Amino acid sequence: MSTENLLIPLMIIIPITCALFLNLLHEKSRVVKIISVIVALLLPTIPLLANYGIQYFGGYAPLAQNPTIATGLPTFITGTALNIFHPAITYVFGSAQKLMITILGFVALFAIFISLYEVKKPSGVYIYLILMGVASVMAMLLSDDIFNLYVFFEIAALTQVGIVLVSKVKNNYETALKYLIVGSIASPMLLLGIALLLGVTGNVNITDIVYSIKTGLVDPHSPVLLMACSLIVFGWLYAAGLPPFHTIKSAMYSKALPTGAAVLQAFSVFTFVALGVIIIRIFSYLHFAEIFILGISLIAMVLGITMAITQTDFKRLIAFLAVGELGYIGVGFGLGTVFGITAGLFQAVNEAVITALLFIGFGTIMYKTKETELKKLGGMLVETPKSALLVLLAGLAMAGVPPFNAFQSKLMLVQSSLNSGLPEVAIIMVLLSIVTFMTFMRAFHTIYLRPKPADLVIENENIPKVTIVAMVCLLIICLVFGLYPQLATNYLQGLAMGIA
Amino acid sequence: MIEYVFMITTILGAIITLLQRDLLKAAILTGIPGASLALLYQYLQAPDVALTQAIVGSAIVPVFFALAVYRTRRVEE
Amino acid sequence: MIMDTQLASLLTAGALIVIGIFGTLFLDNLIKKVISLAFIGDGANLFLIAMGYKAGGIVYIFLPGMSMSEFSQNAAYPLPFALVLTSIVIGASTMAVMLGLIIVLNKKYGSLSASKILGDN
């Protein structure tokens with residue numbers, strides 16, 4: 001049992017150690033390239049190979065599973081709940097975690113490959129930041145320990161700022177500072193929420209907190225727990241970029257490089273899932289919490305997608321669409337049924353892939369023209385026919401057109417909201433999908449189809465093959481999940497049944 | 001009894017720091033709440049945290065702020 | 001005494017957080033904003049420490065000569081303290097990044113005013 005489970009901590013340890021090592025190799029671009037390629041390939045393969053299991057750091061399993069220590073202890077320890085509490089930091093690797101971490105690994109793999117081949121001299125610092133971020137988001141998905149999650153939450157926030165800082169996009173420093181200032185308010189609030197949970201239950205392990213609340217060891221309706229819930233939800237809103245943080249989050253996406261934006265949105269999606277799952281697990285007995293999640297998700301959808309309509313910069317437009325699409329995941333979580341949560345998790349997986357594809361696809365425009373203003377662009381179809389086709393397919397996928405994956409997950413979301421007796425939510429979701437499609441088509445028409453403006457300078461560099469191959473691979477993932485949704489939902493259902 | 005004194009100095013130190021117009025003074029004054037917190041942690045039965053806070057809160061953080069002020073501008077506009 | 005040490009420390013933590021939030025929202029100077037953010041972090045740390053405090057207890061270090069039962073009944077709860085150690089370091093590093101950014105932005109704008117630098121995007 002122990003040898004197979006070794007792969008679970010390695011998922012986090014390998015990217016972090018290699019990231020720290022890459023940071024030292026500043027000038028040696030060959031070595032940087034080799035190490036980055038190896039680590040990038042390892043990112044999705046380790047979770048694919050790893051067996052399901054639970055990792056207790058330091059080997060401190062609960063006393064109930066550890067008879068050698070448990071013998072000889074007094075009964076006030078072995079006879080009470082202390083016997084089953086988790087003394088160690090615990091990582092749980094189940095089927096849902098496997099799917100989500102693999103998808104995150106694939107997005108990071110393609111982002112790293114593209115960034116290695118699009119620039120002449122690959123920068124070790126950029127790869128370092130991507131790897132650190134990926135490792136911390138993976139740890140957030142795995143961790144069953146709420147303080148461990150907080151530590152990685154902070155690391156993820158810092159790496160997101162770092163990814164924006166190295167991008168050399170105009171005004172990136174201002175946006176990064178703004179994001180850090182907002183984050184420095186939000187993360188102590190999350191810490192306070194954790195402190196209150198710790199004060200009430202005496203535990204930071206989520207399974208134990210849930211056990212204490214469900215079995216009545218602590219009063220579930222104590223106002224302290226309500227306060228903890230609101231503080232943790234505040235941290236969640238910040239990390240995921242839900243309103244009121246949607247403007248700053250979309251600004252972060254638009255100030256990053258295309259590959260950076262692709263990983264940044266994957267970070268937000270999976271942070272959303274990690275914290276959202278915890279909130280539902282601990283506070284699902286509070287009916288208000290679910291209604292709040294549903295409400296804030298609807299607001300995120302409406303605000304994100306309507307603000308996307310008015311944007312003049314295509315990166316900002318995709319960024320707002322990405323924030324709006326996050327709302328769909330939240331709707332699934334807010335419904336609170338097994339089917340709804342499965343649909344939400346499925347939508348999260350799909351969205352991470354599709355938005356990454358869109359960011360990378362529109363990134364090719366920036367590669368050719370160094371321009372992001374919609375009104376200065378046009379006629380790119382002649383220049384980049386292959387990537388134009390791929391971007392069009394990605395846009396169709398995002399809007400939920402069959403046979404792509406978002407169609408399946410959005411269909412599931414609509415069905416589950418109808419099952420829960422909320423047809424209004426279903427109608428809003430369908431309408432916003434149409435608006436998403438229209439917004440996307442407007443951007444697509446302006447960039448690719450209308451005549452080329454006279455003053456547009458197109459550089460005579462071909463798009464690297466790696467970019468096209470990466471986009472095709474992401475599109476294949478979309479198609480596979482769209483044609484065989486059971487492949488994903490079977491993996492995700494276990495987690496959904498555990499928390500609903 | 002003495003822990004109440006540290007609590008009061010923490011809060012007063014924080015307020016006084018934010019009321020300064022001279023940024024260098026404000027940067028150095030951040031050491032007062034930092035050091036009081038370190039002493040307070042000692043009285044709250046956390047000696048290891050007190051050690052860390054004494055170094056970080058009363059030495060490193062004020063020096064960081066002072067360096068930042070030195071590299072930018074001293075008077076608030 | 002009017003209130004016990006734990007309650008008083010929790011209130012101090014609350015006061016620090018409130019001062020920090022007020023400072024962040026209403027002070028225009030970026031360095032002062034960062035100082036206020038540091039106070040919010042300090043407040044959260046003090047809150048955690050106060051959670052682990054035990055009135056009349058002893059420090060959670062097992063010294064030779066102590067009996068096991070005496071230690072387990074009187075020692076403070078060490079888990080929050082271990083968490084705060086991490087949190088202090090994280091707070092300091094985040095702050096260092098922010099100050100570095102402020103130095104760069106001051107070179108670009110020639111000012112430390114938040115409304116001038118962060119206002120327009």
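Before any of the text, the structure's been laid out above.
Values in this document were obtained by computation on a predicted structure and should not be read as measured data. (Residues numbered from 1 in each chain as written. Chains lettered and ligands numbered in written order. Predicted model: local features only at pLDDT ≥ 70, side-chain atom pairs only at ≥ 80, totals over all residues. Heavy atoms only, no water.)

A. Expanded view of the overall build of chain A. Along its length, chain A carries 22 helices and two strands. A globule of 500 residues ought to have a C-alpha radius of gyration of about 23 Å, and chain A, at 23 Å, matches this closely. Seen through its principal axes, chain A has C-alpha atoms that stretch 85 × 55 × 45 Å. Taking all 500 residues of chain A together, 64% fall into the buried category. Considering only intrachain contacts with a sequence separation of at least 6, the fraction spanning at least 24 residues in chain A is 82%. Of the roughly 18000 Å² of accessible surface on chain A, a fraction of 70% belongs to carbon and sulfur atoms. Side-chain charges of chain A comprise 25 positive and 20 negative groups, with the mean position of each set lying 10 Å from the other. (Helix = DSSP H or I, 4+ residues; strand = E, 2+ residues; numbered from the N terminus. Rg over C-alpha atoms; globule rule 2.2 N^0.38 Å. Buried < 20%, exposed > 50% of the residue type's maximum accessible area, 1.4 Å probe, protein only. Contact = heavy atoms within 4.5 Å. Areas by Shrake-Rupley, 256 points an atom, 1.4 Å probe, with all protein chains shown as cover. Lys, Arg positive; Asp, Glu negative; His and termini not counted. Charge placed at Lys NZ, Arg CZ, Asp CG, Glu CD.)

B. Examining the interface of chain A and chain C more closely. Counting residues at the interface gives 28 residues for chain A, matched by 33 residues for chain C. Of the roughly 2700 Å² buried where chain A meets chain C, counting both sides, 82% is carbon and sulfur surface. Considering only the surface of chain A that becomes buried against chain C, E174(A), L177(A) and I181(A) emerge as the three largest contributors, covering 21% of it. Our count for the contact surface shared by chain A and chain C stands at one salt bridge. Where chain A packs against chain C, one counts five residue pairs in polar contact (both at pLDDT 80 or more). (Buried area = accessible area lost by both parts, 1.4 Å probe. Salt bridge = Lys/Arg side-chain N within 4 Å of Asp/Glu carboxyl O. Polar contact = N/O pair within 3.5 Å; in protein donor to acceptor, adjacent residues only side chain to side chain.)

C. Structural detail: the interface of chain C and chain B. The interface is formed by 47 residues belonging to chain C together with 40 residues belonging to chain B. When the buried surface of chain C facing chain B is broken down by residue, K32(C), I35(C) and I88(C) rank first, second and third, together holding 15% of it. The interface formed by chain C and chain B contains zero salt bridges. Linking chain C with chain B are seven residue pairs in polar contact (both at pLDDT 80 or more). A per-element tally of the side of chain C that touches chain B places helix α4 (residues 79-109) of chain C first, with 12 residues. When the residues that make up the side of chain C that touches chain B are grouped by side-chain class, the tally is 30 nonpolar, 12 polar and five charged. (Nonpolar A, V, L, I, M, F, W, Y, C, P; charged D, E, K, R; others polar.)

D. The packing of helix α19 (residues 405-419) of chain A against helix α20 (residues 423-449) of chain A, seen in detail. Residues and elements named next belong to chain A. In contact at an axis separation of 7 Å, α19 and α20 are set at 155 degrees when each is read in the N-to-C sense. Between α19 and α20, the crossing angle belongs to the class labelled roughly antiparallel. The handedness of the crossing between α19 and α20 comes out as left-handed. Between α19, through K410, L413, V414, S417 and L418, and α20, the contact on the second element is made entirely by P423, V425, A426, M429, V430 and S433. Among the residues forming the contact of α19 with α20, the class breakdown is eight nonpolar, two polar and one charged. (Axes fitted to C-alpha atoms, helices over the stretch in contact; angles between N-to-C directions. Parallel < 35°, antiparallel > 145°, perpendicular 65-115°, else oblique. Left-handed = near helix turned anticlockwise from the far one by under 90°.)

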